[in-house]
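# Tertiary structure, described
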Amino acid sequence: MKVSRRALMLSAGTAALGSALPLRRSFAETEIKEYRLTAKTAVVNLTGDGHPDTAVWTYDGTVPGPELRVRQGDPLRLVVNNKLGEDTTVHWHGIRLPNAMDGVPRLTQPPIRPGESFTYDFTPPDAGTFWYHPHADTLQQLGRGLAGALIVQEREPVPVDRDLLWVIEDWRLDDKGRIAPGFGNRMEAGMSGRIGNTVTVNGRVRDRVSVSTGERVRLRIVNAALARIVGLRFEGHQPIVIAYDGQPCDPHAPERGRLVLGPAMRADLIIDMDGKPGQSYRVIDDFYQDLAYKLIDLAYASEKPARDHSPDAPRRLPANPLPEPDLATAECHEIALQGGMMGGMGMMSSGGAMGGMGMIGMGGATWAMNGMSMTGDGQPDMPPLVTLKRGQTCVLALHNETAWWHPMHLHGHSFRVISRNGKPNELREWRDTVLVPARESAEIAFVADNPGDWMFHCHVTDHQEAGMMTVIRIA
């Protein structure tokens, strides 16, 4: 029998409180929502009827893992059991939570050994689209299927007809449908990372999603790929971006009509389905030159339209309780993203850098930040790249000196993207992962209000494990 925290508080505290104080609803009185997840192997069909099944690693036997939903401000408990043959953890990507719940092995928690379990307890302060994935042997575990969405719902429902979720995953399969070996290929790690040959939406190569003329849809998109950047165009439609990485933004059309999301990044869209009944409209991913493909069709039902015109309800989401950076008192740190192939500096090696880079090479590092590399799952004794006092506003000026794009993710915080390439950002844009193109720069600002040692790394997983990872310490 599960006993809620509410029941415990009422039974233990009633005698002491008596009638002296008015009864108020508090965090302690809110019943905890509990989920149990089991990391285990399974066999699923990724590519459709008539095609071979694929052996994968899963949460609860499905790809992606179960869609977890909780309401903003309600406490959440997640018990994770490990039935894999190796250690694992779960990182709750984008959630501003206590450091001990962040899921980084040996830095914030002991790894979950095979046959053991770990309980994560936290209260999501922000509504939005988040996700969960391993932070141990990340390249292989994520690449074999361990990922799922965590949706934190607003306290008041958003006025839409449907709330849809697309979890995009990228697989490298052989002719027999098996996941191809070769995780951690050194040459690949020095370039764009392990990009697959098969893209799934919600665990399947899909032909279409059914929609109705006149309806308004909130579409949540999660890029759970290891390395693939997507650039989505919605033919015949005008999507409006209302949130990035779970955080509401100024509603706007995607730049040049294409939604670009690097690995780990998310976007919430409002799409008014204005197509003709019985027609289909393609969603195209054309980020990579000459490699465009159809991700899915928006297939309209033939019935009478849901309504004669689009709803008049506002598209803006309510703001989350994020601390506003004080740029006038900000502490600024310059961070150079370095390494890789074709970077003009050579590739790093375990004994240093080839090509005269003069950087620290740790464990076969290929990438670095300010000359320092943290490889694999990270080293708990790695000195922090930046140390901040709690409450301090920090600006990180990121300079990508490499020939490759890097989605840079900060654990435990959301930050404002305040400029790109020296130009102020006209949008009010909060993220937890910022995509920095080759040879470009970005400035991000955040309040260091969450104490602990927090990972800061590239979410192209090959780049992370080959050195582009560090620690930001908040005292």
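Refer to the structure printed above.
Counting starts from 1 at the beginning of each chain's written sequence and moves along it residue by residue. Local features in a predicted model are, by the rule used here, given only for residues with pLDDT of at least 70; side-chain atom pairs are given and counted only at 80 or more, and totals for whole chains, interfaces and linings are based on all residues. Just so you know, side-chain values use all the structure's heavy atoms and leave hydrogens and water out.

### Some remarks on the pairing of strand β9 (residues 162-171)
Definition in use: Burial here depends on accessible area, computed with a 1.4 Å probe over protein chains only, as a share of the maximum for the residue type. Under 20% is buried, over 50% is exposed, and the range in between is partly exposed. Under the DSSP-based scheme used, a helix requires at least four consecutive residues in state H or I and a strand at least two consecutive residues in state E, with every element numbered from the N terminus. DSSP-based pairing: two strands are paired if at least 2 bridges between them are found.
For β9, a buried count of 8 out of 10 residues is recorded, marking the element as mostly surrounded by other parts of the structure. Relative to strand β12 (residues 216-223), β9 runs parallel, the two sharing 7 bridges. Residue pairing across strands places Val167 opposite Val222, the latter belonging to β12.

### Things to note about the sheet that holds β9
Here is the rule we go by: Axis geometry follows a simple rule: fit a line to the C-alpha atoms, using only the stretch in contact for helices, then measure angles between N-to-C directions, giving values from 0 to 180 degrees.
Pairing within the open sheet is mixed, and its 6 strands lie in the order β10-β9-β12-β17-β14-β15. Unpaired on one side and paired on the other, β10 (198-201) and β15 (247-252) mark the two borders of the sheet. Direction aside, neighbouring strands of the sheet carry axes that sit 25° apart on average. As paired strands, strand β14 (residues 240-244) and strand β17 (residues 266-272) are joined by 4 bridges and run antiparallel to one another. Note that in β17 the partner of Tyr244 across the bridge is Ala267.

### Some points on the packing of aromatic side chains
Our working rule: The rule is short: rings of Phe, Tyr and Trp, with Trp giving its six-membered ring, pair when the centres are within 6.5 Å, and they are stacked under 30 degrees, edge-to-face over 60, tilted in between. Counting as a charge over the ring demands two things of the Lys NZ or Arg CZ atom: a distance within 6 Å of the ring centre and an angle within 35 degrees of the ring normal.
Applying the stated criterion to the full structure yields 9 aromatic pairs. In textbook terms, an aromatic cluster arises when at least three aromatic residues are bridged by ring pairs, as seen for Tyr59, Trp92, Phe118, Tyr120, Phe122 and Tyr132. Just above the ring of Trp57 sits the side chain of Arg144; from NZ or CZ to the centre is 5.6 Å.

### A word on the nonpolar core
When a protein is soluble and globular, its nonpolar side chains tend to lie buried together. Rules: In this description, a nonpolar core means a group of buried Ala, Val, Leu, Ile, Met, Phe, Trp, Tyr and Cys residues linked to one another through side-chain atoms lying within 4.5 Å. Here a residue-residue contact requires only that any non-hydrogen atoms of the pair lie within 4.5 Å.
Judged by nonpolar contacts, the single largest core of 57 residues is most densely connected at Trp92, Tyr120, Phe122, Leu150 and Met408. Not counting the four nearest positions on each side in its chain, Phe122 is found in contact with Pro75, Leu76, Leu78, Trp92, Ile95, Leu97, Pro98, Met101 and Leu150. Counting residues in hydrophobic clusters, the runner-up holds 32 residues, among them Leu164, Val217, Met265 and Tyr281.

### Some words on the side chain of Asp285
To be explicit about the condition: His is not counted here, nor are the chain ends, while Lys and Arg score as positive and Asp and Glu score as negative. When a carboxyl oxygen of Asp or Glu is within 4 Å of a side-chain nitrogen of Lys or Arg, the pair counts as a salt bridge. Two N or O atoms count as a polar contact when they lie within 3.5 Å, although within protein this holds only if one can serve as hydrogen donor and the other as acceptor, and sequence-adjacent residues are included solely when both atoms are side-chain atoms.
Among the structural elements, Asp285 can be located in strand β18 (residues 280-285). Buried Asp285, no salt bridge; nearest opposite-charge side chain is Arg228, N-O distance 4.3 Å. Separated by 2.9 Å, the side chain of Asp285 and the backbone nitrogen of Gly231 make a polar contact. At 3.2 Å, the side chain of Asp285 forms a polar contact with the backbone nitrogen of Phe287. The contact partners of Asp285, leaving out residues within four places of it in the chain, are Arg228, Ile229, Val230, Gly231, Leu232, Leu291, Ala292 and Tyr293.

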